[in-house]
Amino acid sequence: MPVTVIKSEEEYKKLIGSDKTSVVLFSAEWAEQCKQVLDVLEDLSKLLGDKLQFITITAEAFPEVAMKHQIEAVPTVIFFTKGTAVDRVDGVDIPSLSAKCKKLGASATSEQPLEERLKALINKAPLMIFMKGDRDAPRCGFSKQLIAIVNETGLSYDTFDILTDEEVRQGLKTYSDWPTYPQVYVKGELVGGLDIIKELKSNNELESTLKGE
């Protein structure tokens with residue numbers, strides 16, 4: 001999602017009042033620092049655009065809005081949740097701006113119902129592996145063995161490190177009724193863990209199963 005340029009006060013009110021947390025840059029075309037902050041917001045929108053909405057508004061064009069939020073200088077970035085200002089960054093402070101955006105993005109993710117989150121993760125790739133660690137650095141023997149076997153097939157896959165998210169780690173056990181890790185999913189369906197993968201390999205069924213054939 002690119003950064004939205006506000007063209008009317010009605011548009012501004014509608015956007016900041018929506019359910020999606022808004023990151024609003026109050027700027028001026030003549031201020032070079034505003035361009036710098038806008039570039040950062042463009043990058044952050046590529047990273048967090050599914051969780052946050054990024055907006056820019058020309059302070060001088062909307063004086064009442066700027067006055068309401070006590071905009072004394074540009075650039076100023078204000079964060080809104082359902083129309084209420086919850087945080088701000090005055091001036092050019094890129095580290096603080098990035099950190100606040102990422103924190104708000106993480107809290108927006110946690111507000112998504114767990115079942116929806118799990119479904120989205122399971123369907124992130126046609127072949128999805130939930131494990132301890134990641135494909136480049138497995139953090140348990142079972143995960144290491146499984147990755148080695150899957151790598152032999154040459155198939156493309158994605159991984160999720162359950163050690164980074166306790167909610168997913170516990171929730172997926174219940175969701176799939178499978179108590180251990182690693183877990184392998186093909187096209188959104190659970191195939192099983194290491195023992196199942198070994199069995200499929202010994203029966204020469206592994207590649208076709210992982211392809212979803």
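As shown above, the structure is provided for reference.
In every chain, residue numbers begin from 1 and rise along the written sequence. Restriction of local features to residues with pLDDT of at least 70 applies here, the model being predicted, together with a cutoff of 80 or more for giving and counting side-chain atom pairs; totals for whole chains, interfaces and linings are based on all residues. Hydrogens are left out, water is left out, and the side-chain values use all remaining heavy atoms of the structure.

A. Expanded view of the overall build of the protein chain. Strands here mean DSSP runs of E at least two residues long; helices mean DSSP runs of H or I at least four residues long; both are numbered from the N terminus. The helix and strand inventory of the protein chain stands at nine helices and 11 strands. Atoms considered for the radius of gyration are the C-alpha atoms alone. The globule rule reads 2.2 Å times the number of residues to the power 0.38. Taking 17 Å as the expected radius of gyration for a compact globule of 213 residues, we find that the protein chain reaches 23 Å, considerably beyond that expectation. For the C-alpha atoms alone, the extent of the protein chain along its principal axes is close to 70 × 30 × 30 Å. Among the 213 residues that make up the protein chain, the fraction classed as buried is 41%. Values of accessible area rely on a 1.4 Å probe in the Shrake-Rupley scheme; residue burial ignores everything except the protein chains shown. For the protein chain, the accessible surface area stands at approximately 11900 Å², while carbon and sulfur atoms represent 50% of it. Classification of residues uses two cut-offs on accessible area relative to the type maximum, computed with a 1.4 Å probe and protein chains only: under 20% is buried, over 50% is exposed, and between them is partly exposed.

B. Representation of the sheet that holds strand 11 (residues 189–192). Reading across the sheet, the four strands line up as 9-6-10-11 and stay open at both edges, with mixed pairing between neighbours. Edge strands, defined here as strands with exactly one partner in the open sheet, are strand 9 (158–161) and strand 11. Between one strand axis and the next, the sheet turns through 30° on average, direction left out of account. Any two strands between which DSSP finds at least two bridges are classified as paired. As paired strands, strand 6 (residues 127–131) and strand 9 are joined by four bridges and run parallel to one another. Comment: axis = line fitted to C-alpha atoms, over the contacting stretch for helices; angle = value between 0 and 180 degrees taken between N-to-C directions.

C. Fine view of the pattern of salt bridges. Counted as salt bridges are all cases of a side-chain nitrogen of Lys or Arg within 4 Å of a carboxyl oxygen of Asp or Glu. Summed over all chains, the structure comprises 11 salt bridges. Notably, a salt bridge pairs Asp39 with Lys35, separated by 3.1 Å at the nearest N-O pair. In this pair, Asp39 and Lys35 both sit in helix 2 (residues 32–48), four residues apart, roughly one turn of the helix. Overall, Asp39 belongs to the partly exposed group, its relative accessible area being 33%. Two residues, Glu152 and Lys201, come together in a salt bridge whose shortest N-O distance is 3.0 Å. Note that Glu152 is positioned in helix 6 (residues 141–153) and Lys201 in helix 8 (residues 194–202), a separation of 49 residues in sequence. In the salt-bridge network here, residues are joined through shared partners; they are Arg117, Asp165 and Glu167.

D. View of the side chain of Ser27. Tracing the backbone through its elements, the reader meets Ser27 in strand 2 (residues 21–27). What makes Ser27 buried here is its relative accessible area of 10%. Any two residues whose heavy atoms approach within 4.5 Å at even a single point are treated as in contact. Not counting residues within four places of it along the chain, the set of residues in contact with Ser27 comprises Cys34, Thr56, Ile57, Thr58, Ala59 and Val74.

E. Geometry of helix 2. If you check helix 2, its first and last C-alpha atoms are 24 Å apart, about what 17 residues at 1.5 Å a residue would give, namely 24 Å. Among the residues of helix 2, those classed as buried are Cys34, Val37, Val40, Leu41, Leu44, Ser45 and Leu48. Taken around the axis of helix 2, the buried residues stretch over an arc of 145°, which confines them to a single face. Among the exposed residues of helix 2, those oriented more than 90 degrees off its buried face are Glu32 and Lys46. Helices are assigned an expected span. That span is 1.5 Å times one less than the residue count. As used here, the arc belongs to the directions running from the helix axis to the C-beta atoms.

F. Representation of the side chain of Asp165 within the structure. Structurally, Asp165 is set in the loop between strand 9 and helix 7 (166–176). Any N or O atom pair separated by 3.5 Å or less is treated as a polar contact, with the protein-specific requirement of one donor-capable and one acceptor-capable atom, and with residues adjacent in sequence counted only for side-chain atom pairs. Among the polar contacts made by the side chain of Asp165, one reaches the side chain of Arg117 at a distance of 2.6 Å. Setting aside residues no more than four positions away along its own chain, Asp165 makes contact with Arg117 and Phe160.

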